[in-house]
Structures are given as C-alpha cells and as structure tokens.
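Survey of secondary and tertiary structure
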Amino acid sequence: MTTNPKLEPYWMPFTGNRSFKADPLLMASAKGMYFTTTDGQQILDGIAGLWCCNAGHCHPKIVEAIQAQAATLDYATAFNLGHPGVFELAGKLTELAPGGLDYAFFTNSGSEAVDTALKIALAYHRVRGEGHRTRLIGREKGYHGVGFGGISVGGLSPNRKMFSASLLPGVDHLPHTHHIEHNAYTRGQPEWGAHLADELENIVMLHDPSTVAAVIVEPVAGSAGVLVPPKGYLKKLREICDRHGILLIFDEVITAFGRTGTAFGSVTFDVQPDLMTIAKGLTSGAVPMGAVLADKDIYTAFMTGPEHAIEFFHGYTYSGHPLAAAAALASLDVYRDEGLFERAAEMAPVLADAVHSLKGAPHVIDVRNIGLMAAIELKPRAGAPLMRALDVFRRCFADDVLVRTTGDTLALTPPLIINEAQISQIVDTIGAALKAID
Ligand code: PLP
C-alpha cells in the first residue's frame, strides 16, 4: 500500500472534496488516544474517530480477535446459516441491554440499523393486523444516518434537501429541543423543555393515533451538536407512545456503549424503548457493524405462520459478519474488563469542568455536556456561517488535537480511556484557537 496515493478518484463522503484534495489530512496509524498522520504528526483524538472508537484505537485485544477470526472463518452467510460468534454476540448484547430488548438483528452500519428498525416497526403493526399504522415521526435536528428512511425521519435539512422529492411519505417531525435562550451553559440535562414532548400528542391527534407506527429520536442528539434531553422529556415521549400503541425507537448509535456514562442512553435517562439502534461503539469502530435490539413482544409477534417460512423479509449479505462479530465480542470484553463505562462516568465531571471553563471565551455562546460528550457552540461569523468552527478545527489540528465541527458547534466525544491531562490538552487547545481567530 502506497502512503502517497492519487487523491482524485476517491469521492469522499460528507466532505468538501475539492478543498480536502487541495490540502489533504491523511492518517497513517493509530494507537490508544492518538492518530499519527502520514507526515508523522501525532494527533490527540478528541472525537473517538467519529464517536465510535470507545476503547481507544487498535486495542490489542480487539486487534487480536479480528486477526484470529480473519484466519479462521472469513465469511458465512446469515441466511439459513450462521456461525457461533454472532449467536454469542446476540446473547451478550441482549444481556447488557435494558428491559425486554431480548433480540438482536444485525446490520453493517447505523444507517442500516435505522432503516431496519423503521421496517421492523411497520411490519410489526402489519403482522398484528394493524397495517394502517404507517406513519413515522422523527424530530427536527435529528440525525438517523443516510438511508431513505433515516433521512426522512431525520431533521437536518442539508441532508434532506437534495433528495426532498423522494423522501418517505407519511413522516412528521417533533420540534427540536435546542433553545439556548432558556438552556445556555447547562451542565447535564436542562431543566427547561420537557413540555416540548407534548407536541407529540398534538402530532398524533392531527394524524389520528391509529395511523402512527413509531417515533424515533436520539436520546442525545449527537450530529446536531450534543443536544441533551430536558429533564422529563424522554419519559413524556414514552408515556404518549404507550397511550396510543406507538413504538418508541431510541437511536443509540452514538449514545450506546458508555458515551453517557452507562451502557446505554436509555439506562442513563431511565426510559425503556421498544427498539434500539446501535453501531459505532459496538465494535469500538474497528469493523463496520450495527444492530437493532428489539423487545421480546415485537420478535414474538413475527413468529407465526409455518415454521419454515421467512418471518421478516429483510437482511444483508454481511449481517453478523464473522469479523464484525469477533470485534464486537472483544469490544464488549474490553468495556467490561477495563470498566470503561464506569470510567466514562468518572471522567464526565472532569470533561464538564474543562469545557464549561470556556464560558466567556471569545465567540462562545453555549457549552453543554453529558457523560463523555460535550459541545461548544460559537456565534457564527457574520456572512460566513460554519467558517469560525472550521477555523478552530484547523488550528486545533495544527496543534495536534482532533475536534469535530457541526455547523458552528465544536463537538467532543473522546475515547472512554481519556485521562485528565488529555482533557485539559484538548480544551486548552480549543481555548487558544478561539483567542487566535476572528
Ligand atoms: N444514527 C445516529 C444517531 C448517528 O449519529 C449516526 C452516525 O453518526 C447514524 C445513525 C448513522 O450511522 P452510520 O454512519 O454508521 O450509517
């Protein structure tokens, strides 16, 4: 493999291709909390790759498990066949998951997990004789990946507008919960905003409850810039869904596996979903894998008809791929053996103190956090939205720290192995960048 490839043929995802190719940033290797670029620069990873490398990079136990699996069983179809690893993984995941989430359906990404969950919800109502429940409700500012289902229930307009004529019909959206005029500089969950969940009742009544299949939200909206749910908000959604026979889907692609200081956001916020989507931290980012965890009653509803008949017409060539299953099993072991969810809870106040020290720094209009995720929102530069955050990103990178920008917000979601000195380094570097830019 060359370290100096031709850049042009690669059509990069979610990237300004032309500016990237004019000034590329290429990673050569990674270990623990650090990347090393092809120029030999060591970069402290403030975003766990992309909210995914929760155990840190190239964890030896995860690497070893993938290597051993690759040399033993490279592939086995998931259709009418299997391999022991994926069954073991389903068992371990459903043991870890809260409540009655007793079944796991495997996908290859968060986007596929979301579209799978939406299909399970629609099909569940149909197999129970309620095929009239076809409406899906998402939320403004929600991110649920890039499948047609995900962008339809998603609430980020740049992701929708190029495809707007072809989005799923029958989708409505809850209002978002991002109101810094009420909630600026909140540590953890805002006091204000639970009433925004009441809008679900209005939406449901508008369409007639018997037409609504499912509501999907991220417990903490990640890609929109770490929007922490107001106290009581998720419980209200649960109550309204229960009242009307609507399934509640939590998209935990980001919040699962320790990010909020427990195994899942639904544990942290003590609200039980009917379906949960997971990915990213499932394999600590090492091999693509996603899954939908489903309540026992949902799975059971499908188990009718002749026993040889396919119950759910859905699946992927790489569902439960042996390499991904091996990586996930090793990741779960590492999370448990190294106490990484507990570590995330321990380090959360350290991250909170550090990021909130940026209150009053130039351009900062809000700071928010929960667990090991935090956001620093900047006032957009007049006439040049996004540029201020991008300038901070570039300066931080030059100063050996990787942060993420989403709009004019900086997001931090470090690997759960981060230490105090590394948190200080990240926040000090951001502070210096904020002072240096206009
Ligand atoms: N859902 C949420 C909440 C996400 O944050 C993401 C990705 O960031 C996705 C779904 C899509 O996951 P993927 O990029 O693996 O398809």
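Residues numbered from 1 in each chain as written. Predicted model: local features only at pLDDT ≥ 70, side-chain atom pairs only at ≥ 80, totals over all residues.

Observations regarding the packing of helix H14 (residues 340-356) against helix H16 (residues 420-436)
- With their axes 10 Å apart at the nearest point, H14 and H16 run at an angle of 20° to one another. When the interaxial angle is binned, H14 and H16 end up roughly parallel. Considering only the axes of H14 and H16, their crossing is right-handed. Residues Val350, Leu351, Ala354 and Val355 of H14 form the contact with H16, whose participating residues are Glu420, Ile423, Ser424 and Val427.
- Residues that form the contact of H14 with H16 fall into these classes: six nonpolar, one polar and one charged. (Axes fitted to C-alpha atoms, helices over the stretch in contact; angles between N-to-C directions. Helix = DSSP H or I, 4+ residues; strand = E, 2+ residues; numbered from the N terminus. Parallel < 35°, antiparallel > 145°, perpendicular 65-115°, else oblique. Left-handed = near helix turned anticlockwise from the far one by under 90°. Contact = placed C-beta atoms within 7 Å. Nonpolar A, V, L, I, M, F, W, Y, C, P; charged D, E, K, R; others polar.)

Considerations on the site of the ligand
- The ligand sits among 14 residues. The nearest are Ser109, Gly110, Ser111, Gly145 and Val253.
- Ranked by residues supplied to the shell around the ligand, first place goes to helix H5 (residues 110-127) with three residues.
- Taken together, the residues that form the shell around the ligand break down as five nonpolar, seven polar and two charged. (Near = placed C-beta within 6 Å.)

Brief notes about the nonpolar core
- Judged by nonpolar contacts, the single largest core of 127 residues is most densely connected at Val215 and Ile430.
- Looking at this core element by element, the count peaks at eleven residues for helix H13 (residues 322-337).
- Looking at which domains feed residues into this core, each of domain 1 (17-55 + 339-436) and domain 2 (65-337) supplies at least three.
- Ignoring sequence-local partners within four residues, the contact set of Val215 consists of Ile137, Leu200, Leu237, Cys241, Ile246, Leu248 and Ile249. (Core = buried A, V, L, I, M, F, W, Y, C linked by C-beta atoms within 7 Å. Buried ≥ 20, exposed ≤ 12 C-beta atoms within 10 Å, placed from the backbone. Domains from an automatic or database assignment.)

Description of the sheet that holds strand S3 (residues 42-45)
- A sheet is described by the order of its strands in space; here four strands give the open sequence S1-S2-S3-S13, paired in mixed fashion. If you trace the sheet from one side to the other, it starts and ends with strand S1 (27-31) and strand S13 (401-402), each paired once.
- Bridge analysis of S3 against S13 gives two bridges, and the strand direction is parallel. Residue pairing in the sheet places Asp45 in a bridge with Leu402 of S13. (Pairing = 2+ DSSP bridges.)

Some points on the domain arrangement of the protein chain
- Domain assignment breaks the protein chain into domain 1 (17-55 + 339-436) and domain 2 (65-337).
- The gap between the C-alpha centroids of domain 1 and domain 2 is 26 Å.
- Between domain 1 and domain 2, the residue contacts involve 32 residues of the former and 29 residues of the latter.
- Elements with a minimum of two residues in the side of domain 1 that touches domain 2: helix H2 (48-51), H14, strand S11 (364-370), strand S12 (373-378) and strand S15 (409-412).
- Per element, the largest residue contribution to the side of domain 1 that touches domain 2 is seven residues, and it comes from H14.
- In the side of domain 1 that touches domain 2, the residues fall into 19 nonpolar, nine polar and four charged.

Some points on the environment of Leu332
- Mapped onto the fold, Leu332 is located in helix H13.
- Judged by local crowding, Leu332 falls into the buried class, with 23 C-beta atoms found within 10 Å.
- Sequence spacing of Leu332 and Ala55 is 277 residues, and the spatial spacing of their C-alpha atoms is 9.5 Å.

Description of the pairing of strand S10 (residues 290-295)
- With six of its six residues buried, S10 lies for the most part within the structure.
- Burial of S10 is two-sided: the residues Gly290, Val292 and Ala294 facing one way and the residues Ala291, Leu293 and Asp295 facing the other way are all buried.
- Bridge count between strand S4 (residues 101-107) and S10: six bridges; the pairing is antiparallel. Bridge assignment links Phe105 to a residue of S10, and that residue is Val292.

Description of unusual backbone geometry
- Its identity as a non-glycine residue notwithstanding, Phe14 has a phi of 40°, on the positive side.
- As for its position among the elements, Phe14 is in the segment before helix H1 (17-22).
- Taking the C-beta count within 10 Å as the criterion, Phe14 has 9 such neighbours and is therefore assigned exposed.

A look at the sheet that holds strand S6 (residues 171-174)
- The mixed open sheet is built from seven strands, whose spatial order is S4-S10-S9-S8-S7-S5-S6. Each edge of the open sheet carries a strand with a single partner, namely S4 and S6. Put simply, the sheet's adjacent strands are angled 20° from each other on average, direction ignored.
- The sheet contacts of helix H4 (residues 84-96) involve S4 and S10, and relative to S4 the element is tilted by about 135°.
- Its contacts with the sheet put H5 on S4, strand S5 (135-139), strand S7 (212-217), strand S8 (247-251), strand S9 (275-278) and S10, and the angle it makes with S10 is roughly 25°.

Description of the pairing of S15
- Because side chains alternate across S15, one face comprises the buried residues Thr409 and Ala411, and the other comprises Leu410 and Leu412, equally buried.
- Two strands pair when backbone bridges link them, and S12 and S15 are joined in this way by four bridges, in the antiparallel orientation. Across the sheet, the residue bridging to Glu377 is Thr409, located in S15.
- Relative to S15, strand S14 (residues 404-406) runs antiparallel, the two sharing three bridges.

Structural notes on the environment of Leu168
- Examined against the element boundaries, Leu168 turns out to sit in the loop between helix H7 (157-161) and S6.
- What makes Leu168 partly exposed here is the crowd of 17 C-beta atoms within 10 Å.
- Expressed as a C-alpha distance, the spacing of Leu168 and Gly150, which sit 18 residues apart in the sequence, is 9.4 Å.
- Not counting chain neighbours up to four residues away, the residues in contact with Leu168 comprise Leu136, Phe148, Gly149 and Ser152.

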